[in-house]
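Observations on chain architecture
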Amino acid sequence: MLSRQDCAKLDEQDELAGLRDRFHLPEGVIYLDGNSLGPLPKGAVDTLTRTIHQEWGEGLIRSWSEADWFTLPERLGDRLGGLIGAAAGQIVVCDGTSINIFKALNAAMGLRPGRDVIVSEQGSFPTDLYMIEGATGAAAGYTTRLLGRDSDNLADLLDERVAAVLLSNVDYRTGRLMDMAATAKAVHDAGALIIWDLCHSAGVVPLKLDDSQADFAVGCTYKYLNAGPGAPAYIYAATRHQDQARQPLSGWWGHAAPFAFESGFRPAEGIKRFLVGTQSILGLKGVEAALDDFDDVDIEGIRAKSRRMGDVFIELVEQHPHCAGLRLVSPRESDQRGSQVAFDFDNGYPVIRAMIEQGVIGDFREPGLMRFGLAPLYLSCAELFDAVQVMGDCMRRQVWTDPKYQTREAVT
Ligand SMILES: *Cc1c(COP(=O)(O)O)cnc(C)c1O
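Residues numbered from 1 in each chain as written. Predicted model: local features only at pLDDT ≥ 70, side-chain atom pairs only at ≥ 80, totals over all residues. Heavy atoms only, no water.

Overview of the packing of aromatic side chains
What counts, and what does not: Side-chain rings of Phe, Tyr and Trp (the six-membered ring for Trp) are treated as a pair once their centres are within 6.5 Å; stacked means planes under 30 degrees apart, edge-to-face means over 60, and tilted covers the remaining angles. Secondary structure is summarised from DSSP: a helix means a run of H or I of at least four residues, a strand means a run of E of at least two, and numbering begins at the N terminus for each. Burial classification: accessible surface area is computed with a 1.4 Å probe over protein chains only, and a residue below 20% of its type maximum counts as buried, one above 50% as exposed, and the rest as partly exposed. By definition, being over a ring means that NZ of Lys or CZ of Arg is both within 6 Å of the ring centre and within 35 degrees of the ring normal.
Per the counting criterion, the structure on display carries 14 aromatic pairs. Ring centres 5.8 Å apart and planes at 80 degrees place the aromatic pair Trp64 and Trp253 in the edge-to-face group. Here the residue Trp64 occupies a position in helix 3 (residues 63-66), and Trp253 occupies one in the loop between helix 9 (239-242) and helix 10 (281-292), the gap between them amounting to 189 residues. Here Tyr349 and Phe364 contribute two aromatic rings whose centre-to-centre distance is 5.2 Å and whose plane-to-plane angle is 75 degrees, an arrangement assigned as edge-to-face. Residue Tyr349 is found in helix 12 (residues 348-357), and its partner Phe364 is found in strand 14 (residues 363-365); the two are separated by 15 residues along the sequence. Of the residues examined, Tyr349 reaches a relative accessible area of 3% and is grouped as buried. These aromatic residues form a ring-pair network of at least three members: Trp64, Trp69, Phe70, Trp252, Trp253, Phe259 and Phe261. Taking the ring centre of Phe125 as reference, the NZ or CZ of Lys223 above it sits at 5.2 Å. Positioned over the ring face of Tyr349 is Arg408, at 4.1 Å from the centre of the ring.

Printed below as a string of structure tokens:
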């Protein structure tokens, strides 16, 4: 049995423990939802305050040049690239994940003319599937093949009709981690292009976008990257595709000469053609502040702690006498798991609600998944112990018999 003392001992050896001070975490809260919305980095308060008072307040329109606002999407893209294995010039931070999925899909479809199938996964985060519907609906004749619906084996779905494959590197529900290089190879052997959704891996899993031969990738910055609610997302396009790639949202920020104010569209050179229009500078400054906190931290160290915390959390839940009804749906082997652990339980929703009431914040995904994000930058194993005590207490009290925990909030 793992005791609280055992957990505290692990924390004593934790080289990342000091990083917790970089975040504002409210008193009395154990935050296991950083995979949905990362907490506030203290540095973001300073960066945003300075941006508001000096760059916006005093600099006014001049700050587009003098404070380098205009080049933020590429500059932040290059910095983010250092964290996810992309050389400079292949990422822009901009727009939302859904919008970037639309651009990447269209670019990939355009690079594979004559092919009319998009492959994805039945269990994908729904917006990914919705954007496939939107992108293929606008281009008549496409069909979709889904892992988990049409076959459980990707190889069965790949052939000379497939233009692009859109997959999540880490599954948003189960946390299952995919091998990017092996997947890309299978997709390329069929002549198709791979588009990765990195929402649940960037910032916790060491990624090698270039080395794994990724074609396109997208992701958000407000989960494990902690850039703030609704902060801008990013899109990666491998250098080898940039000259030929086209995306249909041909706005002036993606123009070769935005300030020439020409009447026809000419795409910019390189990754800038994936920009559309004016970006939220405050949002981008949130990304800048969030990346500051990763500058001096080794992503391999983050990964090691993430794996350890996942193992500890699973063991704590499984050893708790009142948690016997919970079924682990995440991979048990930490090398196959992202940084979250999910359990299936019919009354998962009321249990999560009751836990939140006691300060342990996880979240719930239909139909019965209790999901816990384990973010190595600010969590400790002792907190995991305390969180599981609260969970066990909610199970013992059978909180689902109390109607007040049954009503659904707008955002679960
Ligand atoms: C969070 C998430 C999104 C979110 O898309 P937005 O456009 O930022 O709302 C998309 N895909 C996956 C896999 C996600 O986890």
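Picking up where we left off.
A word on the packing of helix 11 (residues 299-319) against helix 13 (residues 381-396)
How we decide: Between the N-to-C directions of two axes lies an angle of 0 to 180 degrees, each axis being a line fitted to C-alpha atoms and, for a helix, fitted only over the stretch in contact. Convention used here: angles under 35 degrees read as roughly parallel, angles over 145 as roughly antiparallel, angles from 65 to 115 as roughly perpendicular, and any remaining angle as oblique. Handedness of a crossing follows from how the near helix is turned relative to the far one, being left-handed for an anticlockwise turn of less than a right angle and right-handed for a clockwise one. Here, two residues are considered to be in contact whenever any of their heavy atoms come within 4.5 Å of each other. Residue polarity follows a fixed list, in which Ala, Val, Leu, Ile, Met, Phe, Trp, Tyr, Cys and Pro are nonpolar, Asp, Glu, Lys and Arg are charged, and the others, Gly among them, are polar.
The N-to-C vectors of helix 11 and helix 13 enclose an angle of 30 degrees; their axes lie 10 Å apart at closest approach. When the axis of helix 11 is compared with that of helix 13, the two are roughly parallel. Once helix 11 is placed against helix 13, the crossing between them reads as right-handed. Along the contact surface, helix 11 presents Met309, Val312, Phe313, Leu316 and Val317, while helix 13 presents Cys381, Leu384, Phe385, Val388 and Met391. Each residue belonging to the contact of helix 11 with helix 13 can be placed in one class, and the counts come to 10 nonpolar, no polar and no charged.

Quick word on the site of the ligand
Stated precisely, the cut-off is as follows: Put simply, a residue is near a molecule or strand once any heavy atom of it comes within 4 Å of that molecule or strand. In protein, a polar contact means a hydrogen-donor-capable atom and an acceptor-capable atom, both N or O and within 3.5 Å, with residues adjacent in sequence counting only if both atoms are side-chain atoms; elsewhere, any N or O pair within 3.5 Å suffices. The Shrake-Rupley method, run with a 1.4 Å probe, gives the accessible areas here. Residue values count only the displayed protein chains as cover.
In the neighbourhood of the ligand, the contacting residues comprise Thr97, Ser98, Phe125, Thr127, Asp128, Ser168, Asp197, Cys199, His200, Tyr222 and Lys223. Between the ligand and Asp197, the relevant distance is 2.9 Å, taken from a nitrogen atom to a side-chain nitrogen or oxygen of the residue. Taking Tyr222, its side chain carries an N or O atom lying 2.7 Å from an oxygen atom of the ligand. When the ligand is considered free in solution it has 390 Å² of accessible area, and contact with the protein chains removes 84% of it.

Quick notes on helix 8 (residues 180-189)
So the rule is basically this: The arc in question is traced by the directions running from the helix axis to the C-beta atoms.
The complete set of buried residues in helix 8 reads Met180, Thr183, Ala184 and Val187. Taken around the axis of helix 8, the buried residues stretch over an arc of 100 degrees, which confines them to a single face. Turned more than 90 degrees away from the buried face of helix 8 sit Lys185 and Asp189, all of them exposed. Where helix 8 starts, the residue carrying a side-chain oxygen 3.1 Å from the main-chain nitrogen of Ala181 turns out to be Asp179. Looking one or two residues past helix 8, Gly191 carries a phi angle of roughly 80 degrees, positive in sign.

As for the domain arrangement of the chain
Where we set the bar: Boundary definitions for the domains trace back to an automatic or database domain assignment. A quick way to say it: buried area is the sum, across both parts, of accessible area lost when two parts are put together, with a 1.4 Å probe.
Under the domain assignment, the chain is made up of domain 1 (4-42 + 298-405) and domain 2 (70-292). Each of domain 1 and domain 2 was reduced to a C-alpha centroid, and the two centroids are 29 Å apart. Facing the 32 residues of domain 1 at the interface are 20 residues of domain 2. Summing the contributions of domain 1 and of domain 2, the shared interface buries around 2,000 Å²; its carbon and sulfur component is 58%. On the surface where domain 1 and domain 2 come into contact, there are 13 residue pairs in polar contact (both at pLDDT 80 or more). Ranked by residue count, the leading element in the side of domain 1 that touches domain 2 is helix 11, at 4 residues.

Quick notes on the environment of Thr47
Structurally, Thr47 is set in helix 2 (residues 42-58). Taking the relative accessible area as the measure of exposure, Thr47 reaches 7% and is therefore buried. In this structure, the C-alpha to C-alpha distance between Thr47 and Lys285, residues 238 residues apart in sequence, is 6.9 Å. Discounting residues that sit within four places of it in the chain, Thr47 has contacts with Lys285, Glu288 and Ala289.

Thoughts on the side chain of Ser124
Turning to its location among the elements, Ser124 is positioned in the loop between strand 5 (117-121) and helix 6 (126-138). Judged by relative accessible area, which is 8%, Ser124 ranks as buried. Reaching out from Ser124, the side chain makes a polar contact with the backbone oxygen of Glu121 at a distance of 2.8 Å. Beyond its immediate chain neighbours, meaning those up to four positions away, Ser124 contacts Leu129 and Tyr172.

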